[in-house]
Amino acid sequence: MSTSEINVEATVNGEAVRLRVDPRESLLDVLRERLGLTGTKKGCDQGHCGACTVHLAGRRVVSCLTPAVQADGRDVTTIEGVAGPDGGLHPLQQAFVDHDALQCGYCTPGQIMSGLACIAEGHTRDDDEIREYLSGNLCRCGAYAGIVAAVRQAAGEA
Ligand code: FES
Ligand code: FES
């Protein structure tokens, strides 16, 4: 174990987590490779695609560009923490199903984490605003119409 590693104590999806991390380790790699939370996807690993979006202290971040040390003392929510306590789908997850808002599904966890933030931030006035505030999340399958419709539906239920 490197002496340069740093203690991180965070709450991930409601559970306390203690780790020693290299200061260069990304939150994405810690979530996927050390905590087994592989729902968060690695697309570009350069901050361009949004596939790795999670919530840190209630705000969406691209976890590939977020050092894991920034999670110290904070709450992290990933797609695995979005479902209800009974395991039922969150209304936004259900809306993605209702509107066929995915094809391969690789971008979907990031789209949902951004969509949840978009709703919480109140940026759902119309489809243009939803598109603008989801513009950091790319979908190579082009499922954008369904994604916008799903966010619109869930915003109406919020
Ligand atoms: S993997 Fe993080 S933005 Fe693409
Ligand atoms: S559903 Fe395939 S990349 Fe979005």
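Residues numbered from 1 in each chain as written. Chains lettered and ligands numbered in written order. Predicted model: local features only at pLDDT ≥ 70, side-chain atom pairs only at ≥ 80, totals over all residues. Heavy atoms only, no water.

- Under an unreviewed UniProt entry, the name given to the protein chain is (2Fe-2S)-binding protein, and the organism recorded is Amycolatopsis bullii.

What about the domain arrangement of the protein chain?
Right, on to step 1. In terms of domain boundaries, the protein chain breaks down into domain 1 (6-81) and domain 2 (91-157).
Right, on to step 2. Look at where the C-alpha atoms of domain 1 and domain 2 centre, and you get two points 21 Å apart.
Right, on to step 3. Taken together, the contact pairs 15 residues of domain 1 with 16 residues of domain 2.
Right, on to step 4. When the buried surface of domain 1 facing domain 2 is broken down by residue, His55, Arg60 and Ile79 rank first, second and third, together holding 48% of it.
Right, on to step 5. Scanning the region where domain 1 abuts domain 2 turns up one salt bridge.
Right, on to step 6. Measuring nitrogen to oxygen at the nearest pair gives 2.9 Å for the salt bridge that ties Arg60 to Glu121.
Right, on to step 7. For the interface between domain 1 and domain 2, the tally reads nine residue pairs in polar contact (both at pLDDT 80 or more).
Right, on to step 8. Element by element, the count of residues in the side of domain 1 that touches domain 2 is highest for strand 3 (residues 53-56), at three residues. (Domains from an automatic or database assignment. Contact = heavy atoms within 4.5 Å. Buried area = accessible area lost by both parts, 1.4 Å probe. Salt bridge = Lys/Arg side-chain N within 4 Å of Asp/Glu carboxyl O. Polar contact = N/O pair within 3.5 Å; in protein donor to acceptor, adjacent residues only side chain to side chain. Helix = DSSP H or I, 4+ residues; strand = E, 2+ residues; numbered from the N terminus.)

A look at the sheet that holds strand 5 (residues 75-77)
Right, on to step 1. With mixed pairing, five strands are arranged side by side in an open sheet as 2-1-5-3-4. Unpaired on one side and paired on the other, strand 2 (15-21) and strand 4 (59-62) mark the two borders of the sheet. Each strand of the sheet is rotated relative to its neighbour by a mean of 40°, with strand direction disregarded.
Right, on to step 2. Packed onto the sheet, helix 1 (residues 27-34) meets strand 1 (6-12), strand 2, strand 3 and strand 5 and runs at close to 110° relative to strand 2.
Right, on to step 3. Contacting strand 3, strand 4 and strand 5, helix 3 (residues 108-120) runs over the sheet at an angle of about 45° to strand 3. (Pairing = 2+ DSSP bridges. Axes fitted to C-alpha atoms, helices over the stretch in contact; angles between N-to-C directions.)

What about the layout of surface pockets?
Right, on to step 1. Roughly 180 Å³ of internal volume is contained in the largest pocket.
Right, on to step 2. Gly43, Cys49, Ala51, Cys104, Tyr106, Cys107, Leu138, Cys139, Arg140 and Cys141 together form the lining of the largest pocket.
Right, on to step 3. Along the lines of polarity and charge, the residues of the lining of the largest pocket split into eight nonpolar, one polar and one charged.
Right, on to step 4. In this structure, the lining of the largest pocket is formed jointly by two domains, domain 1 (6-81) and domain 2 (91-157), each of which donates at least three residues. (1 Å grid on protein atoms, 1.4 Å probe; cavity = no way out; pocket = protein on both sides within 12 Å on 5 of 7 lines; lining within 4 Å. Points joined across faces, edges and corners; volume = space filled by probe spheres on them. Nonpolar A, V, L, I, M, F, W, Y, C, P; charged D, E, K, R; others polar.)

Quick look at the pattern of salt bridges
Right, on to step 1. Inspection of the entire model under this criterion finds nine salt bridges.
Right, on to step 2. Glu9 is the partner of Arg18 in a salt bridge, and the nearest nitrogen-oxygen pair spans 3.5 Å.
Right, on to step 3. Since its relative accessible area comes to 42%, Glu9 is described here as partly exposed.
Right, on to step 4. Note that Lys42 is salt-bridged to Asp29, the shortest N-O span being 2.9 Å. Remark: Asp29 occurs in helix 1 and Lys42 occurs in the loop between helix 1 and strand 3; sequence separation between them is 13 residues.
Right, on to step 5. In the salt-bridge network here, residues are joined through shared partners; they are Asp29, Lys42 and Asp45. (Buried < 20%, exposed > 50% of the residue type's maximum accessible area, 1.4 Å probe, protein only.)

Details of the packing of helix 3 against helix 5 (residues 144-157)
Right, on to step 1. At a minimum axis separation of 10 Å, helix 3 and helix 5 run at an interaxial angle of 40°. What the angle tells us is that helix 3 and helix 5 run oblique. For the pair helix 3 and helix 5, the crossing hand works out as right-handed. Contacts between helix 3 and helix 5 involve Gln111, Gly115 and Ile119 from the former and Ile147, Val151, Ala154 and Ala155 from the latter.
Right, on to step 2. By residue class, the composition of the contact of helix 3 with helix 5 is five nonpolar, two polar and no charged. (Parallel < 35°, antiparallel > 145°, perpendicular 65-115°, else oblique. Left-handed = near helix turned anticlockwise from the far one by under 90°.)

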